[in-house]
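Given next are the chains, with one letter for each unit.
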Amino acid sequence: MSWTENNVPTQAGRVAVVTGANTGLGFETARVLAQHGAEVVLAVRNTDKGNEAAARISAAAPGATVRVHRLDLGSLASVRESAAELRASTPRVDLLINNAGVMYPPKQTTADGFELQFGTNHLGHFAWTAQVLDLLLDVPDSRVVTVASLAHRIRAAIHFDDLQWERSYDRVAAYGQSKLANLLFHYELQRRLQARGAERGTVAIAAHPGIADTELMRNTPSLLQGLNNLVAPVLSHDAAHGALPQLRAATDPGALGGQYYGPDGLGERRGAAKVVASTEQSYDLELQRRLWAVSEELTGVAFPV
């Protein structure tokens with residue numbers, strides 16, 4: 001049977017923090033969680049858009065508690081400030097869903113000088129998770145959900161000799177690097193969480209949406225965009241369906257730490273959410289550990305696990 005948002009069990013009494021929740025996959029994820037009783041925190045860069053999204057979610061889920069929380073993943077200072085504010089306002093978190101991201105922008109850097117895709121998609125979430133993870137660690141059945149992408153298969157490698165693409169810039173390959181980094185982080189985080197040995201403790205689960213029609217596609221190179229427009233009706237799905245893998249990762253009682261969810265259709269482009277496999281290099285233990293160490297050095301953070 002296909003897993004749909006109707007399969008989400010009650011989330012009453014649970015607190016979910018969703019990054020990038022003002023639009024696309026993040027919005028749909030936050031909406032479903034709110035409709036199933038969760039208190040939802042929309043962690044967004046633009047709070048005006050966040051407030052608009054919160055109003056739409058509240059209309060769809062009358063009585064739900066929906067809060068807007070400012071988070072700019074492209075600034076380590078903002079991440080530190082946001083994490084401190086979350087810790088002050090929220091005593092515990094059940095679900096941390098790292099959904100926000102940028103895709104295929106022209107060459108840009110974050111406030112800290114990192115290439116925008118690597119700095120936002122990976123380093124921003126790495127630093128964010130490190131500084132809020134202790135809000136989850138003593139919460140039974142809590143989860144960190146990392147949203148990856150099929151792009152971790154496309155010209156993807158970790159360019160340790162030029163992580164910030166200073167010598168030359170290829171936005172497709174840079175996006176692939178950032179999404180491969182997401183999965184390397186996910187697997188290393190799960191190993192560290194498992195080593196704690198806490199019964200019913202925090203686990204890390206990843207997901208990808210397949211090809212979803214969202215605002216994330218706005219910077220797609222024109223040739224790829226034209227191809228996408230041509231094949232979209234048969235090879236992609238909307239944001240509500242694209243959000244199902246991360247919703248399943250976040251809420252399915254049978255989901256296990258270290259798993260990776262994606263669509264079950266041809267090439268994992270669309271379809272029902274199921275457990276899928278990532279590329280061989282994403283499972284490379286040495287690569288996971290090396291990236292973790294470099295990420296700690298670049299961000300100046302340390303994890304409590």
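Coordinates for the structure precede this section.
Computed from a predicted model, the values in this text were never measured in an experiment.

If you walk across this open sheet you meet the 8 strands as β3-β2-β1-β4-β5-β6-β9-β10, and the pairing is mixed. With partners counted over all chains shown, the strands left at the sheet margins are β3 (66–70) and β10 (273–275), one partner each. Across the sheet, the mean angle from the axis of one strand to that of its neighbour is 20°, orientation sign disregarded. Two elements, strand β4 (residues 95–98) and strand β5 (residues 143–147), share 4 bridges in a ladder whose sense is parallel. Bridge pairing links Leu96 to Val144 in β5.

This paragraph deals with the pattern of salt bridges. Side-chain pairs of opposite charge can arise whenever the charged atoms involved come near each other. Counted according to the given criterion, the structure contains 12 salt bridges. Asp141 is the partner of Arg200 in a salt bridge, and the nearest nitrogen-oxygen pair spans 2.7 Å. Placement of Arg200 in the loop between α5 (171–196) and β6 (203–207) and of Asp141 in the loop between α4 (116–132) and β5 is noted, with a sequence separation of 59 residues between them. A salt bridge links Arg192 to Glu188, with the shortest nitrogen-to-oxygen separation between them at 2.9 Å. Here Glu188 and Arg192 lie together in helix α5, a separation of 4 residues that amounts to about one turn. Given the relative accessible area of 27%, Arg192 is considered partly exposed.

This brings us to the packing of aromatic side chains. Any aromatic ring pair is given by two values, namely how distant the centres are and how the planes are angled relative to each other. For the coordinates displayed, the defined rule picks out 8 aromatic pairs. Considering the side-chain rings of Tyr104 and Tyr175, the 5.4 Å spacing of their centres and the 70° angle between planes classify their relative orientation as edge-to-face. Taken as a pair, Tyr104 in the loop between β4 and α4 and Tyr175 in helix α5 lie far apart in primary sequence, 71 residues in all. There is no split in this pair, since Tyr104 and Tyr175 are both buried.

What counts and how
- Residues numbered from 1 in each chain as written.
- Predicted model: local features only at pLDDT ≥ 70, side-chain atom pairs only at ≥ 80, totals over all residues.
- Heavy atoms only, no water.
- Pairing = 2+ DSSP bridges.
- Helix = DSSP H or I, 4+ residues; strand = E, 2+ residues; numbered from the N terminus.
- Axes fitted to C-alpha atoms, helices over the stretch in contact; angles between N-to-C directions.
- Salt bridge = Lys/Arg side-chain N within 4 Å of Asp/Glu carboxyl O.
- Buried < 20%, exposed > 50% of the residue type's maximum accessible area, 1.4 Å probe, protein only.
- Phe/Tyr/Trp six-rings, centres within 6.5 Å; stacked < 30°, edge-to-face > 60°.

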